[in-house]
Amino acid sequence: DPGVVEYRQAGSYIITLKASNRHGGEDEKSLTLTVDSQLQAGFNLTNAASQYSPVRYHIDNTSGGATSYQWQFEGGQPASSTQREPGDVIFSSPGPHRISLIVGNGRISTQKDTTIVVAPDLQTDFSISWETIDNDLQVPFTALIHNQSQQATHYQWQAPGGIITDPGASEPQINYSAPGSYV
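Source: prediction; values computed, not measured.

A separate point is unusual backbone geometry. Leaving glycine aside, a negative phi is the common case for residues, and trans is the common case for peptide bonds. Residues S53 and P54 are joined by a peptide bond in cis, for which omega reads -10°. One can find P54 in the loop between β3 (43-46) and β4 (55-61). Residues V139 and P140 are joined by a peptide bond in cis, for which omega reads -5°. Here P140 lies in the loop between β11 (126-129) and β12 (141-147). Positive phi outside glycine occurs at L137, with the angle close to 55°. When you line up the elements, L137 lands in the loop between β11 and β12. The residue Q151 is not glycine, and still its phi comes out positive at about 70°. Checked against the element boundaries, Q151 lands in the loop between β12 and β13 (163-164). Assessed through its relative accessible area of 30%, Q151 is described here as partly exposed.

What follows is the structure, encoded as structure tokens:
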């Protein structure tokens, strides 16, 4: 019994047993043992632009010990790949999209999934209301702005004839001191 034999590097190893007995008999047997590298599925995503459609991601495969690759890009173009480095993938539809990689070495496989989110396009919308004291719609009048914009990060309000409390705020108030029709 040779005890425990430990291999620290991937490769093919020949294990041989030579046996003999006290009557002069000899025999030998060899087996080849192939040890694989540790199998790991991994990748990095790079998006140099915005999260708004269309979004282009560059995929860098960081897997180890693999000989086969099965990529799935839910809602992406291309939708799949079997290349080690699939390159760039474009996602055009807003919402979550799963990126999945299954790597194998001929014996076992492992998987990594991640989800990216494509933001919807910018939509500008708002409504106006006022406090009960201004129900008569007479000056002085204060308009309360209710911003319902989607995916906006900066605001610049304009209200000719009115005084805006903070033109860069998400929901400013606009004060009118002269009667008139304002568009």
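Moving on to the sheet that holds strand β5 (residues 68-73). The 4 strands are arranged β7-β5-β9-β10 in an open sheet whose pairing can be described as antiparallel. In this open sheet, the two edge strands, each paired with only one partner strand, are β7 (80-81) and β10 (109-118). Taken together, the 10 bridges between strand β9 (residues 95-104) and β10 define a ladder with antiparallel strand orientation. Across the sheet, residue V103 finds its bridge partner in β10, namely T110.

So, about the nonpolar core. Counting 17 residues, the largest nonpolar core has W71, F73, F91 and V103 as the members making the most contacts within it. Elements represented by at least two residues in this core include exactly β4, β5, β8 (87-91), β9 and β10. Setting aside chain neighbours within four positions, we find V103 in contact with L39, Q40, A41, S63, A66, S68, Y69, I108, S109 and T110. I145, W157, I164 and I174 belong to the second-largest nonpolar core, a separate cluster that totals 8 residues.

Time to look at the layout of surface pockets. Roughly 550 Å³ of internal volume is contained in the largest pocket. Considering the residues around the largest pocket, the lining is formed by 28 residues, among which I128, A143, I174, Y176 and Y182 are closest to the centre. Secondary structure elements with two or more residues in the lining of the largest pocket: β11, β12 and β14 (173-176). Per element, the largest residue contribution to the lining of the largest pocket is 4 residues, and it comes from β12. Each residue belonging to the lining of the largest pocket can be placed in one class, and the counts come to 19 nonpolar, 8 polar and 1 charged.

What follows concerns the side chain of H97. Tracing the backbone through its elements, the reader meets H97 in strand β9. In this structure H97 comes out as buried when scored by relative accessible area, which is 6%. Among the polar contacts listed, one links the side chain of H97 to the backbone oxygen of E74, at a separation of 2.9 Å. With near-sequence residues (within four places) excluded, H97 lies in contact with E74, G75, F91, T114, T115, I116 and V118.

A word on the sheet that holds β14. Judged by pairing direction, the sheet is antiparallel, and its 4 strands sit side by side in the order β11-β12-β14-β13 without closing on themselves. Pairing within the sheet leaves two strands with one partner each, and these edge strands are β11 and β13. Bridge count for β11 against β12 is 4 bridges, and the pairing is antiparallel. When the sheet's bridge partners are listed, I128 is paired in β12 with I145.

The rules behind these values
- Residues numbered from 1 in each chain as written.
- Predicted model: local features only at pLDDT ≥ 70, side-chain atom pairs only at ≥ 80, totals over all residues.
- Heavy atoms only, no water.
- Helix = DSSP H or I, 4+ residues; strand = E, 2+ residues; numbered from the N terminus.
- Buried < 20%, exposed > 50% of the residue type's maximum accessible area, 1.4 Å probe, protein only.
- Pairing = 2+ DSSP bridges.
- Core = buried A, V, L, I, M, F, W, Y, C linked by side-chain atoms within 4.5 Å.
- Contact = heavy atoms within 4.5 Å.
- 1 Å grid on protein atoms, 1.4 Å probe; cavity = no way out; pocket = protein on both sides within 12 Å on 5 of 7 lines; lining within 4 Å.
- Points joined across faces, edges and corners; volume = space filled by probe spheres on them.
- Nonpolar A, V, L, I, M, F, W, Y, C, P; charged D, E, K, R; others polar.
- Polar contact = N/O pair within 3.5 Å; in protein donor to acceptor, adjacent residues only side chain to side chain.

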